[in-house]
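Structural description and commentary
Next come the chains, spelled out residue by residue.
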Amino acid sequence: MRYVRIDTEADPNSTSFPSSEKQKDLARMLSQELKDMGADDVVMDEWGYVFATIPSNSPKQHIPTICFCSHMDTAPDCSGKDVKPILHRSWDGSPLILPDDPSQVITVENHPYLKGKVGQDLITASGLTLLGADDKAGVTIIMELAKHLLEHPEIPHGRIRILFTPDEEVGRGVEHLDMKKLDADYGYTLDGGPLGEVEDETFSADAMTFNFTGVSAHPGYAKGKMQHAIKIASDFVSSLPKDRWSPETTSNREGFVHPTAISGGLEAASVSFILRDHDTSKLNDYAQELQNLAADVLRNYPGASVTTQRVEQYRNMKEILVSCPFVTDYAVEAMQKAGITPKRSIIRGGTDGSRLSFMGLPCPNIFTGEMAIHSRQEYVVVQDMQAAVNTLIELVQRWEKHI
Ligand SMILES: [Zn+2]
């Protein structure tokens, strides 16, 4: 509840790093608390990354170093200024009316996950802001783990690295991360939702832009000459299938293409897309299918043309994690030992872990209890956070038995 009071909203329009300087306020606070609890090598670097070490207390050599990672920033989709967290102790199941905007009501109907949570403790915001449980629930879980391990030296574990990142929500979380400085072998992000979930698959993602060039002419004398780029781009977007291949018509393992921006005038117009699928090879098919649609449209506009650019964004972490399945398996085992029913699931998006996995740190994602994220009805169940801490305590002991 202290961490969410600190405004760490990321700024998607900024080119600096971190995108908003205020993210360092939380970074400084976390660094100080890690120092106070006796963690080693506590550093906040110039970019705002926070690193710390909990040294091995095992007599064994060569236990892999495990990193636990969460992001400190909050999503710009919803205000993160002046967050006033409210703790609802042993919730009785009745609708939670958020006091600063009574139109914001959290009910079991709107949030079916809450069905099994009557009698537990919930934290919500007050109605005007998001809560920031995404990902300060993850931050809190890692801080609790550190505190617990440092207070209980009898729990055997190898070397543990802690990493807090800025700017995950604007897709730049690992932009300036120094992997040598991080110096870890395997990792876990704490940034998942429902109790028991562990995710080791993300989308693979590309961005693609279509730039149409029309044929311009004076509108008074354009008959038979003008080919209008706005109309070409509009036809192209209209030619996308309505019943498939879009975010609003797909779920689970189905991929999609999604126009994110359109701009232009008479002479030139462009349409930007994101391409998403769990199967990376399908992104080529998607790019080709879009090219075919564009070519079909251009047949009706003689003299007009199109160029495209395609940029890789991130790749499915599974491509890395298949070569070290024990990383996810240990998380599953740890949950079972902690009395939690594990549920393997896939992410229809990316995480910092997608990039970290390809930067040399295989990195699945573990639940935190954060729910209804990026909204004013965001909440977290305290007992879910405790269950995540218990999972990590089991997990570090499982890694100690790795060799
Ligand atoms: Zn998050």
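See the structure shown above.
Read on for a plain summary of the structure. Values in this document were obtained by computation on a predicted structure and should not be read as measured data.

Here helix H1 (residues 23-37) is 15 residues long and its end C-alpha atoms lie 22 Å apart, about the 21 Å a rise of 1.5 Å per residue gives. If you check which residues of H1 are buried, you get Gln23, Lys24, Leu26, Ala27, Leu30, Ser31, Glu33 and Leu34.

Moving on, we come to the side chain of Glu168. Mapped onto the fold, Glu168 is located in the loop between strand E8 (160-165) and helix H3 (179-182). For the buried residue Glu168, which engages in no salt bridge, the nearest side chain bearing the opposite charge is Arg355, 7.7 Å off. With residues up to four places along the chain from it excluded, the contact list for Glu168 reads His71, Asp73, Gly173, Asp191, Thr351 and Asp352.

Before going further, it helps to examine unusual backbone geometry. Of note, the amide linkage connecting Phe17 to Pro18 takes the cis form, showing an omega dihedral of -5°. If you trace the backbone, Pro18 turns up in the segment before H1. Even without being a glycine, Asn252 presents a positive backbone phi close to 50°. For Asn252, the location among the structural elements is in the loop between helix H4 (229-238) and strand E12 (256-264). Given the relative accessible area of 56%, Asn252 is considered exposed. Positive phi, normally seen in glycine, also occurs at His374, with a value near 65°.

With that settled, the discussion passes to the pattern of salt bridges. Two side chains of opposite charge can pair, provided their charged atoms sit close to one another. Throughout the structure, instances matching the rule amount to 24 salt bridges. One salt bridge connects Asp45 with Lys181, and the closest N-O pair in it is separated by 3.3 Å. Here the residue Asp45 occupies a position in the loop between strand E1 (40-44) and strand E2 (50-54), and Lys181 occupies one in helix H3, the gap between them amounting to 136 residues. You can call Asp45 buried: its relative accessible area is 8%. Sharing partners across several salt bridges, the network here consists of Asp200, Lys318, Asp329 and Arg344.

What follows concerns the coordination of the zinc ion. Those protein atoms acting as donors to the zinc ion are His71 (NE2), Asp134 (OD), Asp191 (OD) and Asp191 (OD), and they sit at 1.9 to 2.5 Å. In the primary structure, the donors to the zinc ion are separated according to the pattern H-x62-D-x56-D. Residue His71 is located in strand E3 (residues 66-71), and its partner Asp191 is located in strand E9 (residues 186-192); the two are separated by 120 residues in the primary sequence. Just as His71 is buried, Asp191 falls in that class too.

On to the sheet that holds strand E17 (residues 370-371), then. Strands sit in the order E4-E7-E18-E17 across an open sheet of four strands; the sheet is antiparallel. Each edge of the open sheet carries a strand with a single partner, namely strand E4 (86-88) and E17. In this structure, strand E7 (residues 122-124) lies alongside strand E18 (residues 379-381), joined through three bridges in antiparallel fashion. Looking across to E18, one finds that Ile123 is bridged to Val380. Of the strands in this sheet, E4, E7 and E18 are in contact with helix H9 (residues 382-400), which crosses E18 at around 60°.

Attention now moves to the packing of helix H7 (residues 326-337) against H9. Where H7 contacts H9, the two axes come as close as 8 Å, and the packing angle between them is 125°. Accordingly, the angle class assigned to the pair H7 and H9 is oblique. For the crossing formed where H7 meets H9, the hand is right-handed. Seen from H7, the contacting residues are Phe326, Val327, Tyr330, Ala331, Glu333, Ala334, Met335 and Lys337; seen from H9, they are Thr391, Glu394, Leu395, Arg398 and Trp399.

The rules behind each value
- Residues numbered from 1 in each chain as written.
- Predicted model: local features only at pLDDT ≥ 70, side-chain atom pairs only at ≥ 80, totals over all residues.
- Heavy atoms only, no water.
- Helix = DSSP H or I, 4+ residues; strand = E, 2+ residues; numbered from the N terminus.
- Expected span 1.5 Å × (residues − 1).
- Buried < 20%, exposed > 50% of the residue type's maximum accessible area, 1.4 Å probe, protein only.
- Lys, Arg positive; Asp, Glu negative; His and termini not counted.
- Salt bridge = Lys/Arg side-chain N within 4 Å of Asp/Glu carboxyl O.
- Contact = heavy atoms within 4.5 Å.
- Donors = N, O, S within 2.8 Å, 3.2 Å for Na, K, Ca; no water.
- Pairing = 2+ DSSP bridges.
- Axes fitted to C-alpha atoms, helices over the stretch in contact; angles between N-to-C directions.
- Parallel < 35°, antiparallel > 145°, perpendicular 65-115°, else oblique.
- Left-handed = near helix turned anticlockwise from the far one by under 90°.

The values are spatial; any link to function lies outside them.
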